[in-house]
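Structural description and commentary
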Amino acid sequence: MTTTPTDEYAELGKEVPVSQIDHELRALWEQDDARTNASLMNLVVYTERRGGLLENSRIIGDLARENACRAILVEIAREEETSLRAWITAHCHLSDGRKSVCSEQIAFRLTGRVTGRFRNTVFSHLNSDLPLIFWWQGKLSEVFTERLASVMDRLIVDSSSWADAKAGFARIAEATEGNTALVVQDLAWTRCWQYRVGIAGLFDDTVAQAALGGIAGIRICHSPQNRNTALQILAWLAVQAGWKHKGAGVFETRDGHRITAVIESSPDSAPLGLVELSSPGTTVRVSREKGSAHLLREIESGDYKVSSLSPADPEAAESLVAQQLSRGGKNSLFLKVLPTFLELL
Amino acid sequence: MKASVETLGTAMSNPFREDLVSRNRPEPCTVVIFGATGDLTHRKLIPALYNLAVGGELPTGVNIIGFARREKSDGEFRTGLEVLNRKVSRSGHDAEVWDNFIHSVSYHQSEFNDARGYASLAKRIDEIDAGRGGKGNRLFYIASAPEFFDEILIQLKGAGLNKAKDGCWARVIIEKPFGTDLKTAKHLNKVVSQTFAEKDTYRIDHYLGKETAQNLMVLRFANAIFEPLWNSRYISHLQITCSENLGMEGGRGGYYEKSGALRDMVQNHLLQLLSLVAMEPPTDLSADGVRDEKVKVIRSLRQWDTPEKVAENVIRAQYTAGHVDGNPVPGYREEDRVSPTSETEAYVAVRLLIDTWRWSGVPFYIRMGKRLPKKSTEISVHFKEAPSVLFSALPGGVPGGNVLVIRIQPDEGISLRMVSKIPGTSLRLEPVKMDFHYATSFGKGSPEAYERLILDAIAGDATLFARRDEVEEAWRFIDHIERAWHESDNKPPMAEFVAGSWGPREADEMIKKDGFAWRRL
Ligand SMILES: NC(=O)c1ccc[n+]([C@@H]2O[C@H](COP(=O)([O-])OP(=O)(O)OC[C@H]3O[C@@H](n4cnc5c(N)ncnc54)[C@H](OP(=O)(O)O)[C@@H]3O)[C@@H](O)[C@H]2O)c1
């Protein structure tokens, strides 16, 4: 186990024997009094993608600025010969331009047979008493078990990266059965947060509210990778307003009138480019140009036209994770919307 | 076809709001700022509204009308606001958001006492509301000098602007200072109550909009370990310190001469902090639930109602020439716009007793001063010492009790001082500090107090605003002191301290009589 400057993993910090991790971390902090070690959570980032470890270390460098944590990064490569390597480092930044605030990071690369070894390795290095946030990147593999889920406080996944979202959520449901404390968060859902805030805000306007009962059409545009986000926001609209899904994009309101939803995918769209609800005479719309940092929120009803800008939801997975971490919460709304979303898939 | 708003009623609600955010909803409205060409509007109010827009928190359809005396076009008004926003905005200046935001800002020229100006304002608001089917909410922000507060309220009423339209609301935010004594505060409250219902009246105390002030309730009531100890059995005393290193720069002397430390800071901000730290758990988090408990604290303050009691429990002082941050500074009476024979206090220390079961026998000390060594506001809770039977024989004994410090500014955070053994073969004890800094653990900045407070007013949440009885009870307490200082036959003396020191010797002696000392900051 040697660390040479040409080592492709040099960026991960100091390579250390697994049994020495705690000792080495202590030594790391003793080196320099000017640094403060801050931590609000254990953040495990799990990937089975080759090269994911290095990329995730860079991501933590950014993420830790606003979310002090002990980061535990894991890359799994089953096809390689059995081995386990570990590195430690600290991501520091200046707070208020003076104090250096740091988050510590332990990176593991596990190869070969993984089952069993993975769990024990990771869980013996958690910071006690702090919550465990588990960011699972990509498809859920057989490593994701009920035993693993039982120690997590929050599981972050991105259903947009799954080929089969129904199967993915079924797997989570199976592994978390009876575990009501675990908060499951889907980045596809986080991607439409500002859209939801925007729509809710527009319907505070009396003109939009008056039109609500007469909504007849919904249009949603998205980029090809973000169909789940589009379906989730549609599911949210339906669940909140009490519309029943009748199949083939048709909903029925409580008093029996029909609403037709059209979902369009376009490579020229922002991840979520448009959510528009229209009744005869009134249009309530939130939209975003591809690449724009803002959402445009509008109400149009005859001569009455109001608009405002609001921040767009971030696109990069790490920014969405950062947003979730800073918001917290139980994500109960997502759970409420999930069955309708699965039905729409 | 235009949407019919006739069908609007209270039954109509917004299903999409449910579950989304845990706060009252801010609704579209017209905001009228009185005194809109002033410093407060340019430095605080417009940047706060803009930053709410940046965060997407300002409702779509908010209109802002600036009301002031001088002639200005909308364009000139907007340009002036932009110049300042570029300088002071917390999140910087995004041209795209600004353009969209400033579009809804306009200027209305009128004297405060000119009824025609209010009539034309009413017409203008009606025109805006016409687009919404004649409905619309309005928020009046009185950011003028205090001598105009009455006049503006009376004129608003005269023009019928205080009356909310059916199913809508009309609210007023009133800047500080709310009166200069009990009599003026009562008078102002009377004028306000003839114009707006108490539930629609929002008296600003920007200290309550600060993150740590809000966190006080969370700290006390969401952590099971503190509340059982939060009483006279375990706490020996509490200190609230607000120190400023600035003096009367920038012409501040003129205003300060008329108010002084007690009225400028203690009557409002520091008594508000005191009531948050000393109140009983409220029955719920509603505005009145919280304020009912806060006012009980102020009402239970033992009154220093004779000059003798004032002399014993309150120290006032002025600074003499000295050094702050290594620079020479003049004494208070030599400052710009300050009278050479001034009797205004630039420092005050008050010993308070709260006559309740919980706080019986626990003194609270408040000190506030200009030209102290550094800028800092904090609350420190000093716990009684552990019985010393075990460690009293050790060299050095037990080094002091536990102190919980809640820092309000700068560097908001919380620390706890505990006693620990020094490593080694012998048993020696030393204090150690557990320290929590918001900025370290939560990297993102807190919103400005004004952002939170304006949004709360738009959303109809008055929890962080002072209620009529709170203000009056606070003045009742302060008035006795002011009267002893300025109207009695045996006025307690004005003490002195050297600028850049931690206040006068007399204040040290006052706290020492109880067996305590001021916390060294
Ligand atoms: N500045 C701060 O940071 C701050 C902080 C906390 C509280 N406050 C409080 O906020 C209030 C305003 O402070 P400020 O510093 O903004 O005051 P300011 O700069 O003196 O502004 C006064 C405003 O009132 C207008 N005005 C004065 N007389 C008028 C009249 N007869 N008719 C119409 N408009 C008139 C002025 O308009 P013209 O310019 O057109 O004459 C100007 O817009 C005060 O109560 C103060 O105690 C201020």
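In short, a report on the structure. Everything numeric in this text was worked out from a predicted model, so none of it was measured. (Residues numbered from 1 in each chain as written. Chains lettered and ligands numbered in written order. Predicted model: local features only at pLDDT ≥ 70, side-chain atom pairs only at ≥ 80, totals over all residues. Heavy atoms only, no water.)

**Remarks on empty space enclosed by the protein**
Residue and element names in this part refer to chain B.
- Scanning all chains against the criterion turns up three cavities of 30 Å³ or more.
- Volume-wise, the largest cavity comes out at about 200 Å³.
- Surrounding the largest cavity, 20 residues form its lining, Asp-205, Gln-267, Asn-268, Ala-466 and Val-471 being those nearest its centre.
- Elements with a minimum of two residues in the lining of the largest cavity: helix 8 (252-278) and helix 13 (468-486).
- For the lining of the largest cavity, the element with the most residues is helix 8, which contributes seven residues. (1 Å grid on protein atoms, 1.4 Å probe; cavity = no way out; pocket = protein on both sides within 12 Å on 5 of 7 lines; lining within 4 Å. Points joined across faces, edges and corners; volume = space filled by probe spheres on them. Helix = DSSP H or I, 4+ residues; strand = E, 2+ residues; numbered from the N terminus.)

**Describing the packing of aromatic side chains**
All names here are of chain B.
- With the rule as written, the count across this model stands at 33 aromatic pairs over all chains.
- Judged by centre distance (5.9 Å) and plane angle (15 degrees), the ring pair of Phe-67 and Phe-112 falls under stacked. Of this pair, Phe-67 sits in strand 2 (residues 63-68) while Phe-112 sits in the loop between strand 3 (105-109) and helix 4 (115-130), and the two are 45 residues apart along the sequence. The pair Phe-67 / Phe-112 is uniform in exposure class, with both members buried.
- Where Tyr-256 meets Tyr-332, the ring centres are 6.5 Å apart and the plane angle is 70 degrees; that geometry is what we call edge-to-face. Taken together, the residues span a long stretch of sequence, with Tyr-256 in helix 8 and Tyr-332 in the loop between strand 10 (327-329) and strand 11 (347-353) at a distance of 76 residues. Like Tyr-332, Tyr-256 is buried.
- By the ring-pair criterion, three or more aromatic residues cluster together here, those being Phe-34, Phe-67, Phe-112, Tyr-118, Phe-140, Phe-148 and Phe-196. (Phe/Tyr/Trp six-rings, centres within 6.5 Å; stacked < 30°, edge-to-face > 60°. Buried < 20%, exposed > 50% of the residue type's maximum accessible area, 1.4 Å probe, protein only.)

**Digging into the state of the cysteines**
All names here are of chain A.
- Tallying each qualifying case throughout the model produces one disulfide over all chains.
- Across the disulfide from Cys-92 sits Cys-102; the S-S distance is 2.1 Å. What sets the handedness of the Cys-92 and Cys-102 disulfide is the S-S torsion sign, and at about 105 degrees it is right-handed. Taken together, the residues Cys-92 in strand 5 (residues 83-95) and Cys-102 in strand 6 (residues 99-111) connect sequence positions 10 residues apart.
- Sulfur of Cys-69: no disulfide; nearest cysteine sulfur belongs to Cys-102 and is 12 Å away.
- Given a relative accessible area of 2%, Cys-69 falls into the buried group. (Disulfide = S-S within 2.5 Å.)

**Here we look at the nonpolar core**
- The biggest cluster of nonpolar side chains holds 146 residues, and the ones touching the most others in it are Ile-33, Phe-34, Phe-101, Leu-271 and Phe-364 of chain B.
- In terms of residues, this core owes the most to one element, helix 8 of chain B, which gives 12 residues.
- Here Ile-33 of chain B is in contact with Thr-41, Leu-45, Ile-46, Leu-49, Ile-64, Ile-65, Gly-66, Phe-67, Tyr-141 and Ala-143 of chain B, once residues within four sequence places are set aside.
- With 81 residues, the next largest nonpolar core counts Leu-28, Trp-29, Val-207 and Ala-230 of chain A among its residues. (Core = buried A, V, L, I, M, F, W, Y, C linked by side-chain atoms within 4.5 Å. Contact = heavy atoms within 4.5 Å.)

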